[in-house]
Amino acid sequence: MNRLPLTVIGGYLGAGKTTLINRLLAEGHGQRVLVMVNDFGAINIDAALLTSSSEDTLELSNGCVCCTMGADLFMAVGDVLDRPKRPDHLVIEASGIADPARIAQVALAEPDLSYGGVISVVDALNFDGLSRDVQIGAQVRGQVDVADLILVSKSQNGALPTALGLPKAPVLDLALIDDVAPLILGTALGQAPKPTAGIHPAYVAWSGTGEPSTRAALQSKLDNRPKGLMRFKGFVQGIGGSDFEVHCVGPSVSIKSARDVQKTQVVGIGPKGRIDAKTLEAWWHND
C-alpha cells in the first residue's frame, strides 16, 4: 500500500493557519484530505472553525503535541492508517506555539507515512515585532527556519515582513495565490527538518465559558483585555439570537456573526510572566 503523505501547517498564534486549511478544503482538487488539529487549550476552538465534515477532522486537545509527542498523536495517526479507506493526504495543523518540525518527525517514525513538507504561515502585520521579542522571538523565527515553504498572510499591498530576511525556503504571498492545494498537496518540498533546539518558552493557556452578551458589551470587553493576552478566540452566545465568533491577535479584534452557538466557549494564551489564569478569569467575568 502506498504511504500516506503527511504535511504539517505551522506558524505562530493567529498567523492564519485555520484560514489556510479552510481554503484548501474548499478547493476542487479532488483529494480527500484528513485534518488533525492541535490547539493550545483544553477547548479545541480551531477544530470547530474548520468547514470540513467531522469524519475528516481529528482533534488533538491534550496540549502542545510537539512537547509530548505521546500516545495522543500516535494513536490518532494509527486510527487514520487503520481506516478501511485511507485519505489521500494527512494534514496536521500545529498549535501556534508548537515546533512544526518536531511534529513532522512522526512521518519518519511511522513506516506507512511519507514526509509531505512543513509549511509555515507568517502574519505580515505582526511578524516583525514578534520575531524581535526577547521572550518569544527565537520561537517565532524557528517556526520559519524549519519551513519548506513560507506563506505570508495579511500583507499590505504585497509588502513582506522585513524580519524575514532571506529565508532558505520559498516565500509566497497568500493574497496573490488563487489555489493553495498544489502547494500543500503536491510533491514534498524537501527532507524532514530537524526540530529546533530546546523547548519553547512557557505559556499560560486559559479557557472559559460565560453568559450571553451583546456585541457592544463584547467589543468593550475585548478592547480592554489584559496586555499579556497574545491570542484570544472562541464562540460567544449572543442576546436575541445574534451569536459571535471572536478573534484577537495582537492589537487586532474581530467579531463575526456566528450561528447556533449553544454555549460560550473561549480560549486565551500568553507568555508566562506576562499573563496568568487568575487575571484572565477576573477580566472575562468582570461585567
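Residues numbered from 1 in each chain as written. Predicted model: local features only at pLDDT ≥ 70, side-chain atom pairs only at ≥ 80, totals over all residues. Heavy atoms only, no water.

## Details of the overall build of the protein chain
Part 1 of the reasoning: For the protein chain, the helix and strand inventory stands at eleven helices and twelve strands.
Part 2 of the reasoning: By residue count, 54% of the 287 residues in the protein chain fall in the buried class.
Part 3 of the reasoning: A separation threshold of at least 6 residues defines the contact pool for the protein chain, and within that pool the share at least 24 residues apart is 74%.
Part 4 of the reasoning: Summed over all atoms, the accessible surface of the protein chain reaches about 13200 Å², with 51% contributed by carbon and sulfur. (Helix = DSSP H or I, 4+ residues; strand = E, 2+ residues; numbered from the N terminus. Buried < 20%, exposed > 50% of the residue type's maximum accessible area, 1.4 Å probe, protein only. Contact = heavy atoms within 4.5 Å. Areas by Shrake-Rupley, 256 points an atom, 1.4 Å probe, with all protein chains shown as cover.)

## Thoughts on the environment of Leu113
Part 1 of the reasoning: By the element assignment, Leu113 lies in strand β5 (residues 113-123).
Part 2 of the reasoning: Along the primary structure Leu113 and Arg3 are separated by 110 residues, whereas in three dimensions their C-alpha atoms are 4.9 Å apart.
Part 3 of the reasoning: Filtering out sequence-adjacent residues up to four positions away, Leu113 remains in contact with Arg3, Leu4, Leu6, Val77, Leu81, Leu90, Val106 and Ala107.

## Things to note about the side chain of Asp173
Part 1 of the reasoning: Here Asp173 is to be found in strand β7 (residues 171-173).
Part 2 of the reasoning: As a buried residue without a salt bridge, Asp173 has its nearest oppositely charged side chain in Arg23, at a separation of 7.8 Å.
Part 3 of the reasoning: A polar contact is formed between the side chain of Asp173 and the side chain of Ser155, at a distance of 2.7 Å.
Part 4 of the reasoning: In contact with Asp173, not counting residues within four places along its chain, are Val152, Ser155 and Gly158. (Lys, Arg positive; Asp, Glu negative; His and termini not counted. Salt bridge = Lys/Arg side-chain N within 4 Å of Asp/Glu carboxyl O. Polar contact = N/O pair within 3.5 Å; in protein donor to acceptor, adjacent residues only side chain to side chain.)

## Points about helix α10 (residues 215-223)
Part 1 of the reasoning: What α10 keeps buried is the set Leu218, Lys221 and Leu222. Viewed along the axis of α10, the buried residues span an arc of 95 degrees, placing them on a single side of the element.
Part 2 of the reasoning: Where α10 is buried, its residues contact β9 (231-236), β10 (243-249), β11 (252-258) and α11 (277-285). (Arc of directions from axis to C-beta.)

## Some points on the packing of aromatic side chains
Part 1 of the reasoning: Applying the stated criterion across every chain yields a total of four aromatic pairs.
Part 2 of the reasoning: Each ring, one from Trp206 and one from Trp284, has its centre 6.4 Å from the other, and the planes form 70 degrees; the classification is edge-to-face. Taken together, the residues span a long stretch of sequence, with Trp206 in strand β8 (residues 203-208) and Trp284 in helix α11 at a distance of 78 residues. For the residue pair Trp206 and Trp284, the accessibility class agrees, reading buried in each case.
Part 3 of the reasoning: For the pair Trp283 and Trp284, a centre-to-centre distance of 5.6 Å together with 50 degrees between the ring planes defines the contact as tilted. Trp284 carries the same exposure label as Trp283, and that label is buried.
Part 4 of the reasoning: Three or more aromatic residues joined by ring pairs form one cluster here, namely Trp206, Phe232, Trp283 and Trp284. (Phe/Tyr/Trp six-rings, centres within 6.5 Å; stacked < 30°, edge-to-face > 60°.)

## Quick look at the pairing of β11
It is a general feature of regular strands that their side chains alternate between the two faces of the sheet.
Part 1 of the reasoning: In the sheet, β10 pairs with β11 via seven bridges, with the strands oriented antiparallel. Its bridge partner lying in β11, Val246 is registered against Ile255.
Part 2 of the reasoning: Between β10 and the antiparallel strand that follows it, β11, lie two residues; Gly250 among them carries a positive phi value of about 55 degrees. (Pairing = 2+ DSSP bridges.)

## Re helix α8 (residues 137-145)
Part 1 of the reasoning: Gly137, Gln139, Val140, Gly142, Gln143 and Val144 are the residues of α8 that are buried.
Part 2 of the reasoning: In this structure, the buried side of α8 is in contact with α5 (100-104), β5, α7 (127-131), β6 (149-153) and β8.

## A word on the sheet that holds β9
Part 1 of the reasoning: Strand order in the open sheet formed by five strands is β8-β12-β9-β10-β11, with antiparallel pairing between adjacent strands. The sheet terminates laterally at β8 and β11, the two strands that pair on one side only. Taken over all neighbouring pairs, the strand axes of this sheet differ in orientation by 10 degrees on average, direction set aside. (Axes fitted to C-alpha atoms, helices over the stretch in contact; angles between N-to-C directions.)

## Overview of unusual backbone geometry
Part 1 of the reasoning: Here the phi dihedral of Asn157 falls at roughly 55 degrees; this positive angle occurs in a residue that is not glycine.
Part 2 of the reasoning: Among the residues examined, Asn157 registers a relative accessible area of 84% and is labelled exposed.
Part 3 of the reasoning: Residues other than glycine seldom take positive phi values, yet Asp260 does so here, at roughly 55 degrees.
Part 4 of the reasoning: Tracing the backbone shows Asp260 in the loop between β11 and β12 (265-271).

## Some thoughts on the pattern of salt bridges
Part 1 of the reasoning: Counted according to the given criterion, the structure contains four salt bridges.
Part 2 of the reasoning: We note a salt bridge from Asp133 to Arg274, for which the minimum N-O separation is 2.8 Å. Residue Asp133 is found in the loop between α7 and α8, and its partner Arg274 is found in the loop between β12 and α11; the two are separated by 141 residues along the sequence.
Part 3 of the reasoning: For Asp133, a relative accessible area of 19% gives the class buried.
Part 4 of the reasoning: By relative accessible area, which is 36% here, Arg274 ends up partly exposed.

## Regarding the nonpolar core
Part 1 of the reasoning: Among the nonpolar cores identified, the biggest contains 23 residues, and Leu6, Met36, Val77, Leu90 and Leu113 are the most heavily contacted of them.
Part 2 of the reasoning: Mapped onto this core, the elements with two or more residues apiece are β1 (4-10), β2 (33-38), α4 (71-81), β4 (89-93), α5, α6 (106-109) and β5.
Part 3 of the reasoning: Counting residues per element, this core draws most heavily on α4, which supplies five residues.
Part 4 of the reasoning: For Leu6, the contacting residues outside a window of four places in its chain are His89, Leu90, Ile92, Val106, Ala107, Leu113, Ser114, Tyr115, Gly116 and Gly117.
Part 5 of the reasoning: In this structure, Ile21, Val91, Ile119 and Val121 belong to the second largest nonpolar core, which totals 19 residues. (Core = buried A, V, L, I, M, F, W, Y, C linked by side-chain atoms within 4.5 Å.)

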